Structures are given as structure tokens and as C-alpha cells.
Amino acid sequence: MTFKRIGSTAFIAIISALVTIAAFSYYANRAGEQTFEQKQASNITPVSFSEAGQIPVALDFRYAARMTTSGVVHIKTSYAPRNTSRGSDNPFRDFFGDDFNPFGNMQPYQNQPQQSSGSGVIISDDGYIVTNNHVIDGGNKIQVVLSNKSSYEGTVIGTDPTTDLALVKIDQKNLPFIRFGNSDSVEVGQWVLAVGNPFNLESTVTAGIVSAKGRNIGIIKTHDSNGRQANGIEAYIQTDAAVNPGNSGGALVNTSGQLVGINSAIATPTGAFAGYSFAVPVNIVSKVVNDLMKYGIVQRGYLGITMETVTDELSKRNNLDDLNGVYIDSVLHGSAAEEADLKRGDVIIKINEQPVNTSPQVQEQVSRYHPGDKVTVTFKRAGREKTVTTILKNKSNNTSIVEREENSTLASLGAEFSDLNSTEKKELGLEGGVKVLKLNDGVLSRNTQMKEGFIITQVDNRQINNLNDLKEALTGKRGGVLLAGRYPDYPGQYYYAFGL
């Protein structure tokens, strides 16, 4: 009787195991229905080395290299030809072609196609690739070259200039991809590898250690929908792994082959690697990628404060108890911080129980959440520790999902603008206009000879008196655009034409 019971139990166990295997196979074959997170979790491929047993795993980089090199791609970005003429601008060229020259004394236009390159990381088997925004920004054609040298045209799914990240997709299946790790668990002194695919030389791997976390180096310059400069989110992982310009957008991985960051910048006086490189933490990358996939735009929550890392000088000036935390310098009216009764002079020490000791660390923690999400803020006030719960808001101070703007032309022009003040209007004899304060990389700098200080007074014969007029005139615009205006110190009307 005992043997019969044992046999019955064994039979049931075998049947259960077969059912489990069948169920697993069934769901594994439905990969197309998996979420992005499920696909990430499923990419676990063991690799063995017969000779690896005598080397400590922390110092053996072969496993991580073999796991990740095939998941890093080379990206070539092509741009529209740039007008390199040093003569007067021909405002009709974009409308009527290169040979249109009614003024006779103009220099011929020389069209020089431009191209840049960088790296990217495959993050799902169906062709999603994350890279730096600066690698693909402004491009009209994106070519993705895989590690096996096959090449495909890429489509931009979305961009986030605030973190210098972009999401690109190629129409391919069953691609090797890199599994996400946890950047919160990365520690200073930990070994990491920088994996890139620069200059189409196939994958390159360099090793180093994490030198610091939460670094802000002030390199991200973005613009809001009105063309005004806005602050970027920088909370970089700093390493001494060698990273050169062609590695932008490549992978920073741990020794287990997990993605912990996207390599974005180097500290250099020469343009070449000089000791330090910086990567966007993968926990920020994950949030940005998921938002771009779902909404086409990043949904970012804000506390609504201006803040400053506590220093010895600030601590003495404000009679603080210690040097820990982040000092609240001001609280915006109607913000999440105001509703939580946070005040100027409070010192934030934790966000959702995660210790924060610098402004970039606060930025990093808050940037992981959406408008409408609840977060706890632990702070010190007059020496006493308190914790409050608040609901984050968007930039418009509400909790609504931000819709993707169909037209972001004003920001893509790559310039900083301002309305003319009353003194300027009077001196120039104008009813209004929009001054170009600064030209950055963008449509205007690439495709026209416009100089800083130019005052836009018309778009396609439509009067422009302020920034709102300019934004409305460009919203939904496609094809040729003709800007008219003047310079404060030069007589006459100037015209600049470009295509969208």
C-alpha cells in the first residue's frame, strides 16, 4: 500500500511538472503580447567559461561583455544640407530651388549634407533602441547598424531633451537586447563596463569603476514650448571607464551584464576622453522609455521648489544643525510643495524614504514619478524631523496627463526668444516683435545665416508681435517658412527661409 501511495504521488508530481512546462511554453510563444517589463525580465541567457573558475567574478568582464556587445548598435544620423554661403541670404532658395538667384550678386549656395554618429542600446527583442537625444536630434534620416553589420532605417518614437534621451525603433524581431539592472544599487567603487559601437568599428568595451553618483555637470540645455531655456535633469553616474564621442548613447553595464546607465558625456578639455565619463542612471531611463512608448512624451511630476545643496557656508548662514540634505530656497504658488506645507528654509533629507543629500538626487528621485503620484517628503524644520505626503503636479500645476504637442517647431528652431520691451519698441519704431537672444543647434543655425539679435516681425506675411503670435504661426506648419524682420543696428528688412 505504501508503494502504491508513493507511486501515486510521483505520478501526480510528474503530471504537474508537465503541465507547468506546457504552460510556460505556451506563454513563452506569446512574446508579442508581453509588456516591455516582461520582455526585459525574460532576457536571461547563462554564459559559461571553462577557464573562469580561478578568477574572481568581480574582476572577470568576459561574461558581461559577451552578454551585451550584440545589444549595442551604431547609429548614423543624416541632416538636411546646410547653407554655407558667406554672401547675402537668398530667402527664396528653399521655395524655388538652388538655381533661383534674382539678385545676380549673390554667391552660389553650397549644399553640404551633414552626418553625425553615436551608439544605441537595444532594450527589447522587437527593435526598441534607447540612445542620447543629441545623437539623433534634428536628423532627417536615421540608420541603425547592428553588431552583425546589418543596417536598418530607424524611426524616432519620442525624445526627452530634459534627460538627453531618445527612443528609436527598427522594424525587426528576435533581436538580442540588454536587460535592465537597478541603478540605485550601484555603489561607488563598483566595477562597470562601457559598451559602445563608435565610428562603425563594431562593439568596443572598456572597464572602470563608479567614481561618484548624482553628478550635475550643467551640460543639458533645453527649451520650453516658448523657446525659453529650461533646466535639464542631471544626476549622472560618473565613471573612469574610457568613453569617447562615438560612444554617446552606449551602455554602461555591471559585471552581470545588466544595464545600469546610458553613456552621455565626458569631461574633457580636448574633445577626447580625459578621465571621467557620465551616464544617465537606468532607473531614469526606464521611466523615460515607458512614458515615450505609452504617451509619446515624458510625464514628469514636479514638487515645485527651487533648492540648493547644503554647504558649510549655507549652513552657517541659515543656522542649520548639520550639512545634510537639500535646502528649500523658494516654494512656487499652487505647487505640490505648497499644498504639503513645505516652506522656505526646510531641509529635505528623504524622498520616499530614499536619502537625498544633493539637489541632483532630489531631481533624480522626483523625476521617476508622474503627475498625480503620491510621494513622501522627509525634511527638517527648526531642528525637528517631519514627514509629509504630497501629490506631484505637472508644469501647469495640475495632475493631468500632458498631451504630446503635434508641433514643436518653435523649440526645434534651436533659439532663445524674448518679446520686445516697451523701450525697444519705441527706439525701433515697431509695434512688437520677437528678438532672437541666442542661437543654439537647431533649424535656424543649420539652415540659415541668421545672427543673434534678429527681430522677427513676420512669418509668411503674418504680423508677429510677441511669442504667442510666433508660436501660433508655426503650430502645425509644414513645408517652407519665410521669416521677415530686422536687426537693431542695421537698416532694411531681412528675410530667412527654411523648410520644415
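No experiment lies behind these values; they were computed from the predicted model shown.

Cut-offs used in this document
Residues numbered from 1 in each chain as written. Predicted model: local features only at pLDDT ≥ 70, side-chain atom pairs only at ≥ 80, totals over all residues. Heavy atoms only, no water. Helix = DSSP H or I, 4+ residues; strand = E, 2+ residues; numbered from the N terminus. Buried < 20%, exposed > 50% of the residue type's maximum accessible area, 1.4 Å probe, protein only. Areas by Shrake-Rupley, 256 points an atom, 1.4 Å probe, with all protein chains shown as cover. Phe/Tyr/Trp six-rings, centres within 6.5 Å; stacked < 30°, edge-to-face > 60°. Lys NZ or Arg CZ within 6 Å of the ring centre and 35° of its normal. Salt bridge = Lys/Arg side-chain N within 4 Å of Asp/Glu carboxyl O. Core = buried A, V, L, I, M, F, W, Y, C linked by side-chain atoms within 4.5 Å. Contact = heavy atoms within 4.5 Å. pLDDT = per-residue confidence, 0-100. Arc of directions from axis to C-beta. Polar contact = N/O pair within 3.5 Å; in protein donor to acceptor, adjacent residues only side chain to side chain. Pairing = 2+ DSSP bridges. Expected span 1.5 Å × (residues − 1).

Trainee: Tell me what's going on with the overall build of the protein chain, and back it up with residues and numbers.
Mentor: Across its full length, the protein chain holds 13 helices and 26 strands. Relative to its full complement of 500 residues, the protein chain shows a buried share of 44%. For the protein chain, the exposed surface amounts to about 25100 Å²; the carbon and sulfur share of it is 50%.

Trainee: Describe the packing of aromatic side chains, and please don't skip the residues or the numbers.
Mentor: If you walk through the whole model with that rule in mind, you get six aromatic pairs. Summarising the aromatic geometry, the rings of Y487 and Y490 are spaced 6.2 Å apart at their centres and angled 90 degrees between planes, so their arrangement reads as edge-to-face. Residue Y487 is classed as buried on the basis of its relative accessible area of 7%. Look at Y487 and Y494: their rings are 5.0 Å apart centre to centre, the planes differ by 90 degrees, and that puts the pair in the edge-to-face class. Every member of this aromatic cluster is reached through a ring pair, and the members are F454, Y487, Y490, Y494 and Y496. The residue whose ring lies beneath K169 is Y128, and the NZ or CZ to ring-centre distance is 5.3 Å.

Trainee: Please provide a residue-by-residue account of the pattern of salt bridges, values included.
Mentor: In the structure shown here, the tally under the stated rule is 15 salt bridges. One salt bridge connects D160 with R300, and the closest N-O pair in it is separated by 2.7 Å. Taken together, the residues D160 in strand β5 (residues 151–160) and R300 in the loop between α6 (282–295) and β15 (305–309) connect sequence positions 140 residues apart. As far as the burial class goes, D160 and R300 line up, both buried. Note that R381 and D346 form a salt bridge whose closest N and O atoms lie 2.8 Å from each other. Linking R381 in strand β19 (residues 374–381) with D346 in the loop between α8 (336–339) and β17 (347–351), this pair joins segments that are 35 residues apart in sequence.

Trainee: If you had to explain the nonpolar core to someone new, which residues and values would you point to?
Mentor: Ranked by internal contacts, the top residues of the largest apolar core, which has 28 residues, are V121, I123, V130, A251, L259 and V285. It is α6 that provides the largest number of residues to this core, a total of six residues. Apart from the residues lying within four places of it in its own chain, the contact partners of A251 are V72, V121, I178, L193, A194, V195, L259, G261 and N263. Core analysis: the next-biggest nonpolar cluster, separate from the first, contains 23 residues, V434, V443, L444 and A473 among them.

Trainee: Which residues make up the confidence of the model for the protein chain, and what values do they have?
Mentor: Summarising the model, the protein chain shows a mean pLDDT of 80, and 75% of its residues fall at 70 or more. Considering only residues more than four positions removed or in separate chains, one finds that residues 26–31, a stretch of pLDDT under 50, has one contact. Predicted confidence is poor over residues 47–55, with pLDDT under 50, and the contacts of this stretch with residues over four places away or in other chains come to twelve contacts.

Trainee: Would you mind going over helix α13 (residues 467–474) in detail, with residue names and values included?
Mentor: Those residues of α13 lying buried are L467, D469, L470, A473 and L474. On an axial view of α13, the arc spanned by its buried residues comes to 160 degrees, and they lie on one face. Backbone geometry just after α13 places G476 at a positive phi near 75 degrees.

Trainee: So what's going on with the side chain of K287? Residues and values would help.
Mentor: Assignment of secondary structure puts K287 in helix α6. Residue classification places K287 among the buried positions, given a relative accessible area of 8%. Looking at K287, its side chain comes within polar contact range of the main-chain oxygen of Q299, at 2.6 Å. For K287, the residues in contact, after removing those within four places along its chain, are V298, Q299, R300, S367, R368, Y369 and H370.

Trainee: Please set out the side chain of D291 residue by residue, giving values where relevant.
Mentor: The residue D291 is located in helix α6 in this model. D291 sits in the buried class, given a relative accessible area of 3%. Of the polar contacts made by the side chain of D291, one reaches the side chain of K287; its length is 2.8 Å. Apart from residues lying up to four places away in sequence, D291 is in contact with G296, I297, V298, Q299 and H370.

Trainee: Can you tell me about the pairing of β5, naming the residues and giving the values?
Mentor: As paired strands, strand β4 (residues 141–145) and β5 are joined by four bridges and run antiparallel to one another. Along β5, the bridge assignment pairs V144 with Y152. One ladder, built from five bridges, connects β5 with strand β6 (residues 165–169); its direction is antiparallel. Within β6, the position partnered with G158 by the bridge is L167. The antiparallel hairpin formed by β5 and β6 contains four residues in its connecting segment, where D164 sits at a positive phi of about 60 degrees.

Trainee: Account for α6, with residues named and values stated.
Mentor: Look at α6: 19 Å from first C-alpha to last across 14 residues, which is about the 20 Å you get at 1.5 Å a residue. Regarding α6, the residues found buried are V282, N283, I284, V285, K287, V288, V289, D291 and L292. Phi turns positive, to about 80 degrees, at G296, one or two residues after α6.

Trainee: Before we move on, could you go through the environment of Y295 and cite the residues and values that matter?
Mentor: Inspection of the secondary structure assignment puts Y295 in helix α6. A sequence separation of 137 residues divides Y295 from G158, and the C-alpha atoms of the two residues are 9.0 Å apart.

Trainee: Give me the lowdown on the pairing of strand β14 (residues 276–281), citing residues and values where you can.
Mentor: Regular strands show a simple pattern: their side chains alternate between the two faces of the sheet. Among the six residues in β14, five count as buried, and that is most of the element. Both strand β11 (residues 236–239) and β14 contribute to a ladder of three bridges, which runs antiparallel. If you follow I237 over to β14, its bridge partner there is A279.

Trainee: A description of unusual backbone geometry should follow, citing residues and the corresponding values.
Mentor: In this model, N174 sits at a positive phi of 55 degrees, which is unusual for a non-glycine residue. Turning to its location among the elements, N174 is positioned in the loop between β6 and β7 (191–196). Classification of N174 by relative accessible area gives exposed; the value is 70%.

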